[in-house]
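Structural overview for review
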Amino acid sequence: MTAIELRNVTKKFATADGGTYTAIEDLSLTVEDGQFCAVVGPTGCGKSTTLTLISGLERPSRGEALVHGEQVRGIDTSTGFVFQQDAVFPWRSVLDNVAAGPVYRGASRSEATALARDWLRRVGLSGFEDRYPHQLSGGMRKRVALAQSLINQPRVLLMDEPFSALDVQTRAIMSTELLNLWDQTKPAVVFVTHDLEEAIALADKVVVITAGPGTVKAEFEIDLPRPRIVQEIRFDPRFTQLYEQIWEALRAEVAEAYARTTGATEVAS
Amino acid sequence: MIDTPTQPQTVAAPRPDVPVDGATSSTPSAPSARTRARRRRTVLAGARLAIVVVLLATWQACVNAKIVDPFFWGEPEGVWADLRDWFTVGTSQGSLGAQILVTLEEAVLGFIIGSILGVVCGIALGRVRLLSELFAPFLKAANSIPRIILGSIFTVAFGFGIQSKVILAVVLVFFGVFFNAFQGAREVDRNLIANARLLGASRWQVTRGVVLPSAFTWILASLHISFGFALIGALVGEILGANQGLGLLIRSSQNNFDMNGVLAGMVLVAVIALAAEALITLLERRLLRWRPPQTHGGAAVE
Ligand SMILES: Nc1ncnc2c1ncn2[C@@H]1O[C@H](COP(=O)(O)OP(=O)(O)O)[C@@H](O)[C@H]1O
Ligand SMILES: [Mg+2]
């Protein structure tokens with residue numbers, strides 16, 4: 001069944017000078033239940049905006065966003081969201097952060113706490129229940145964010161460059177762990193990144209977005225076998241093949257976006 | 001009066017280590033660095049004490065040399081004598097403890113009520129756009145009038161008891177806390193609100209679980225000044241008309257042309273204000289435990 005469907009969505013923002021800015025235009029995308037979809041594109045092409053439309057944080061200016069066949073109207077709590085910047089609550093302990101979802105959804109304190117402990121174990125944070133977020137490393141905070149989101153068993157999981165602030169090693173480890181966690185509940189995932197390697201290593205499908213206003217340039221099925229170990233999959237010859245293929249599509253967009261930011265007319269590829 | 005919210009201490013980088021002489025801060029030199037820091041604090045405290053002593057001694061010397069007229073300006077020895085008298089014999093209005101208690105009660109009540117009202121109104125207006133659009137002009141206008149004058153009205157309307165003082169203190173405290181709570185509610189990280197909503201929080205749960213705690217940094221910053229305002233409210237109320245309290249004590253000293261008495265009252269008020277400040281700082285440390293360590297704004301705040 002189709003989990004997520006964007007039908008020709010356009011999103012315009014009002015600008016400070018009274019005009020409008022088109023962040024994404026005529027973008028269509030479908031993600032099946034249990035599918036892991038990675039979205040790549042240059043900075044500013046509208047990747048984050050796309051996620052806000054699926055989550056209901058924003059409404060499309062034109063077109064439709066559907067989750068499980070129903071139009072998204074307002075914030076949909078069956079959707080999990082992992083933000084690019086830290087969005088864990090700094091005044092709550094790790095345990096209370098993870099227990100937040102179940103408590104908001106009406107679970108009793110003790111139920112929520114028991115569930116939170118279980119999820120902390122799954123993300124490898126047992127023993128850190130009583131810490132505050134500022135006492136954790138960036139990677140650990142991301143684990144908290146993951147547990148906080150996954151504890152609600154979302155059928156749709158949206159991730160906005162979740163690992164972009166982490167160092168390369170931590171990032172690879174977290175990616176592998178993400179795949180293991182995903183395997184346990186198999187939600188439909190939209191994983192936004194500007195890192196093509198990460199996208200290929202994780203996803204079933206990679207979608208390339210054009211330089212803003214963003215629209216889908218091309219889609220690629222990733223037929224690498226699972227389970228995957230992110231640190232090692234890069235050495236697979238098929239990985240290199242896919243990388244070259246997708247980079248071909250992405251290169252022009254990255255160059256275009258770069259040229260705009262620097263004001264240069266053309267950038268050598 | 002307060003127009004702009006009081007800035008909370010910014011969340012800054014972790015406190016840098018105390019600089020250690022030489023390039024290394026290896027383990028053997030670490031304890032010595034701590035000892036040196038302690039010694040430095042002791043020296044600083046000693047220097048401060050010396051400054052106070054020098055100032056008071058100069059003042060007294062000027063009085064003794066007839067450069068300063070103690071009739072108008074008082075003298076340290078007289079202030080000390082008055083304080084000792086009040087403590088041992090009592091004041092013209094009864095025991096000193098009773099006077100302090102009355103003023104404290106007025107200030108604390110005014111502080112608590114004013115702070116709660118300020119927080120509730122500030123968060124409500126910060127969260128509900130319609131409310132802020134509706135009431136913002138009134139609050140701005142009310143903030144720009146010299147509210148201390150209202151003390152005269154309250155004294156006439158509510159009499160010489162503590163009620164009129166508490167109400168004046170509430171009015172003075174309210175605005176500072178209100179504007180900070182309002183600003184704090186406005187500055188909440190949008191991602192945190194979005195995250196809470198997606199996790200399933202209702203609007204009320206977002207207000208209680210996200211907006212209030214994140215505005216707390218701002219609110220606590222305003223509480224430091226607000227207790228001072230509450231004290232001013234209580235004292236001015238007492239000076240305008242009361243049967244008891246430190247304000248009345250100061251007022252009767254003035255009526256008797258006893259400037260030493262006025263200054264002695266001032267010293268007592270200063271001690272109360274400093275004690276309250278210390279308590280609020282303690283409360284702040286407890287409530288903001290979740291924050292990363294702060295760089296302090298120098299020794300002046302401690
Ligand atoms: N709320 C907003 N108001 C105005 N412009 C916005 C807003 N959100 C995003 N934009 C603009 O839309 C474009 C796409 O943003 P975004 O989706 O964040 O890009 P990406 O995540 O791909 O880097 C950017 O140029 C950004 O400045
Ligand atoms: Mg983005």
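Residues numbered from 1 in each chain as written. Chains lettered and ligands numbered in written order. Predicted model: local features only at pLDDT ≥ 70, side-chain atom pairs only at ≥ 80, totals over all residues. Heavy atoms only, no water.

Residue and element names in this part refer to chain B. Applying the stated criterion across every chain yields a total of 16 aromatic pairs over all chains. Seen from their ring centres, Phe 174 and Phe 178 are 5.5 Å apart, and the 20° between their planes marks the pair as stacked. Here the residue Phe 174 and the residue Phe 178 both occupy positions in helix H7 (residues 162–186), the gap between them amounting to four residues, near one helical turn. The pair Phe 174 / Phe 178 is uniform in exposure class, with both members buried. Aromatic side chains Phe 178 and Phe 179 sit 5.1 Å apart centroid to centroid with 75° between the ring planes, which places their arrangement in the edge-to-face category. (Phe/Tyr/Trp six-rings, centres within 6.5 Å; stacked < 30°, edge-to-face > 60°. Helix = DSSP H or I, 4+ residues; strand = E, 2+ residues; numbered from the N terminus. Buried < 20%, exposed > 50% of the residue type's maximum accessible area, 1.4 Å probe, protein only.)

This part covers the confidence of the model for chain B. This prediction gives chain B a mean pLDDT of 88; 87% of its residues lie at or above 70. This prediction of the complex comes with two scores: 0.83 for pTM and 0.91 for ipTM. (pLDDT = per-residue confidence, 0-100.)

Formed by 76 residues in total, the largest nonpolar core has its most connected members in Ile 4 and Phe 89 of chain A together with Val 210 and Leu 246 of chain B. Broken down by element, the residue count for this core peaks at 12 residues, all from helix H9 (residues 203–240) of chain B. In this structure Leu 246 of chain B touches Leu 96, Gln 99, Ile 100, Thr 103, Leu 235, Glu 238, Leu 268, Val 269 and Ile 272 of chain B, once residues within four positions along its chain are discounted. In terms of nonpolar packing, the next biggest core, distinct from the first, is built from 52 residues, Val 40, Leu 179, Val 230 and Leu 242 of chain A among them. (Core = buried A, V, L, I, M, F, W, Y, C linked by side-chain atoms within 4.5 Å. Contact = heavy atoms within 4.5 Å.)

What follows concerns the packing of helix H4 (residues 96–127) of chain B against H7 of chain B. Residues and elements named next belong to chain B. Packing of H4 against H7 leaves a shortest axis separation of 6 Å and a crossing angle of 35°. Considering only the axes of H4 and H7, their crossing is right-handed. Classifying every residue of the contact of H4 with H7 by side-chain character gives 20 nonpolar, six polar and four charged. (Axes fitted to C-alpha atoms, helices over the stretch in contact; angles between N-to-C directions. Left-handed = near helix turned anticlockwise from the far one by under 90°. Nonpolar A, V, L, I, M, F, W, Y, C, P; charged D, E, K, R; others polar.)

Now for the sheet that holds strand E5 (residues 70–71) of chain A. All names here are of chain A. Strand order in the open sheet formed by four strands is E2-E1-E4-E5, with antiparallel pairing between adjacent strands. With one partner strand each, in any of the chains shown, strand E2 (20–32) and E5 form the two edges of the open sheet. Strands in contact with helix H1 (residues 47–55) are strand E1 (2–14), E2 and strand E4 (62–67); relative to E1, the strand with the most contacts, it is inclined by about 120°. (Pairing = 2+ DSSP bridges.)

All names here are of chain A. Overall, the coordinates contain 20 salt bridges over all chains when judged by the stated rule. Arg 7 is the salt-bridge partner of Glu 64, the closest N and O atoms lying 3.0 Å from each other. A residue pair is termed long-range when its members are at least 10 positions apart, and Glu 64 in strand E4 and Arg 7 in strand E1 qualify at 57 residues. For Glu 64, a relative accessible area of 26% puts it in the partly exposed group. Put simply, Glu 5, Arg 7 and Glu 64 are held in one network by salt bridges that share partners. (Salt bridge = Lys/Arg side-chain N within 4 Å of Asp/Glu carboxyl O.)

Residues and elements named next belong to chain A. As summarised here, the arrangement of the six strands in space is E6-E7-E8-E3-E9-E10, forming an open sheet in which the pairing is mixed. Every interior strand has two partners, whereas the edge strands, strand E6 (79–82) and strand E10 (216–221), have only one. Shown here is a sheet whose adjacent strand axes are inclined to one another by a mean of 15°, direction ignored. By the bridge criterion, four bridges tie E6 to strand E7 (residues 156–160) in an arrangement that is parallel. For Thr 79, the partnering residue across the bridge sits in E7 and is Val 156. In the packing of helix H5 (residues 168–185) onto the sheet, the strands contacted are strand E3 (36–40), E7 and strand E8 (188–193), and the crossing angle to E3 comes to about 140°.

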